[in-house]
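# Tertiary structure, described
Here is how the chains run, residue by residue.
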Amino acid sequence: MSSSTSSSSRPLKIGIIGFGPFGQFLSKTMIKQGHTITATSRSDHSQLCSHLGISFYREIDGFLEAENDVVMLSTSILSLSEVVKSIPFRRLKRPTFFVDVLSVKEHPKQVLLQKESTTRDSFELFSGLFIHNRFAKQELKNLEVALEKVKQKLQDRMNEELDLSGSHV
């Protein structure tokens, strides 16, 4: 376990669906925290992932078989519906958190609720956190620690950008 992870939490296996710039930023941050990352995306990012030590899957089935503790939906808002429809949730082998990291919270919630009503998959909704399977609650504390660190990193980065832009005025 790296020194940046809390002693009360264990490293998580985190999957990222959508490995564009934001997905890449998330993965680099999570790796620094000692977590293991898997990724899938429409575009081939296998070389970059190999360089970063990330397992990259071109197909969603292989990605789901990787048994992630957490899956972050980091797709564009326009492709979210198509991506969620393509996920065979029944192939998950254990309880898995699905976390929406999109900027518009109502749309992802509606898309996942629609998926639940058509497939009878079980989702519990916690303001942007979609938990597939009720028994995944035991991992919530670990996820909170990991996401709090990402939130702090984003805040620091935003403050740096604001400081830089303010100094040029």
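What you see is a predicted model; the values in this text were computed from it and never measured. (Residues numbered from 1 in each chain as written. Predicted model: local features only at pLDDT ≥ 70, side-chain atom pairs only at ≥ 80, totals over all residues. Heavy atoms only, no water.)

### Brief notes about the overall build of the protein chain
Worth spelling out the cut-off: Secondary structure elements are taken from DSSP: a helix is a run of H or I of four residues or more, a strand is a run of E of two residues or more, and numbering for both begins at the N terminus. Accessibility here uses a 1.4 Å probe with only protein chains present; expressed as a share of the type maximum, an area under 20% marks a residue as buried, one over 50% as exposed, and anything in between as partly exposed. Whether two residues touch is decided by their heavy atoms; if any such pair falls within 4.5 Å, the residues are in contact. Working definition of accessibility: Shrake-Rupley area with a 1.4 Å probe, residue cover restricted to the visible protein chains.
Each helix and strand in the protein chain was counted, giving 6 helices and 7 strands. Starting at the N terminus, the α and β elements of the protein chain follow one another as β-α-β-α-β-α-β-α-β-α-β-β-α. Within the protein chain, the proportion of its 169 residues that are buried is 43%. Considering only residue pairs separated by 6 or more positions, the protein chain has 65% of its internal contacts joining residues 24 or more positions apart. A total of about 9,500 Å² of accessible surface is found on the protein chain, and carbon and sulfur atoms cover 52% of it.

### As for the side chain of Thr38
Mapped onto the elements, Thr38 comes out in strand 2 (residues 36–40). In this structure Thr38 comes out as buried when scored by relative accessible area, which is 1%. Discounting residues that sit within four places of it in the chain, Thr38 has contacts with Lys13, Ile14, Gly15, Ile16, Ile54, Ser55, Tyr57, Phe63, Ala66 and Asn68.

### Comments concerning the nonpolar core
Which entries qualify depends on this criterion: The term nonpolar core refers to a set of buried residues drawn from Ala, Val, Leu, Ile, Met, Phe, Trp, Tyr and Cys, joined through side-chain atoms within 4.5 Å.
Grouped together as the largest cluster of nonpolar side chains are 16 residues, with contacts concentrated most on Ile14, Val70 and Met72. Broken down by secondary-structure element, the contributors of at least two residues to this core are strand 1 (13–17), helix 1 (21–32), strand 2, strand 4 (70–73) and strand 5 (96–100). Judged by nonpolar contacts, the second largest core, of 15 residues, contains Ile17, Val83, Ile87 and Val111.

### Things to note about the pairing of strand 1
Note the threshold: Think of it like this: strands point away, you trace from the first strand over the helix to the second, and a clockwise trace means the crossover is right-handed. At least two DSSP bridges between two strands are needed for those strands to be called paired.
Of all 5 residues in strand 1, 4 are buried; the element is thus mostly enclosed. Regarding topology, helix 1 serves as the crossover connection from strand 1 to the parallel strand 2, and that connection is right-handed. In this sheet, strand 4 lies alongside strand 1 in parallel orientation, the contact comprising 4 bridges. Residue pairing for strand 4: Ile14 is matched across the bridge by Val70.

### Things to note about a positive patch on the surface
Quick note on the threshold: Residues enter patches when their relative accessible area tops 30% and they take part in no salt bridge; the joining distance is 9 Å for like charges and 5 Å for the nonpolar side chains Val, Leu, Ile, Met, Phe, Trp and Tyr. What counts as a salt bridge is simple: a side-chain nitrogen of Lys or Arg found within 4 Å of a carboxyl oxygen of Asp or Glu. His is not counted, nor are the chain ends; Lys and Arg add positive charge and Asp and Glu add negative charge. The atom standing in for a charge is NZ when the residue is Lys, CZ when it is Arg, CG when it is Asp and CD when it is Glu.
A contiguous patch of positive charge, built from Lys28, Lys32, Lys153 and Arg157, is present on the exposed surface. If you list the elements that add at least two residues to the positive patch, you get helix 1 and helix 6 (140–167). Considering the arrangement of structural elements, one finds Lys153 in helix 6.

### Considering the environment of Thr38
To be explicit about the condition: Pairing of N or O atoms within 3.5 Å defines a polar contact, subject to two protein rules: one partner must be a possible hydrogen donor and the other a possible acceptor, and residues neighboring in sequence count only if both atoms are side-chain atoms.
With 18 residues separating them in the primary sequence, Thr38 and Phe56 have C-alpha atoms 5.8 Å apart. In this structure the side chain of Thr38 is engaged in a polar contact, spanning 2.7 Å, whose partner is the side chain of Asn68.

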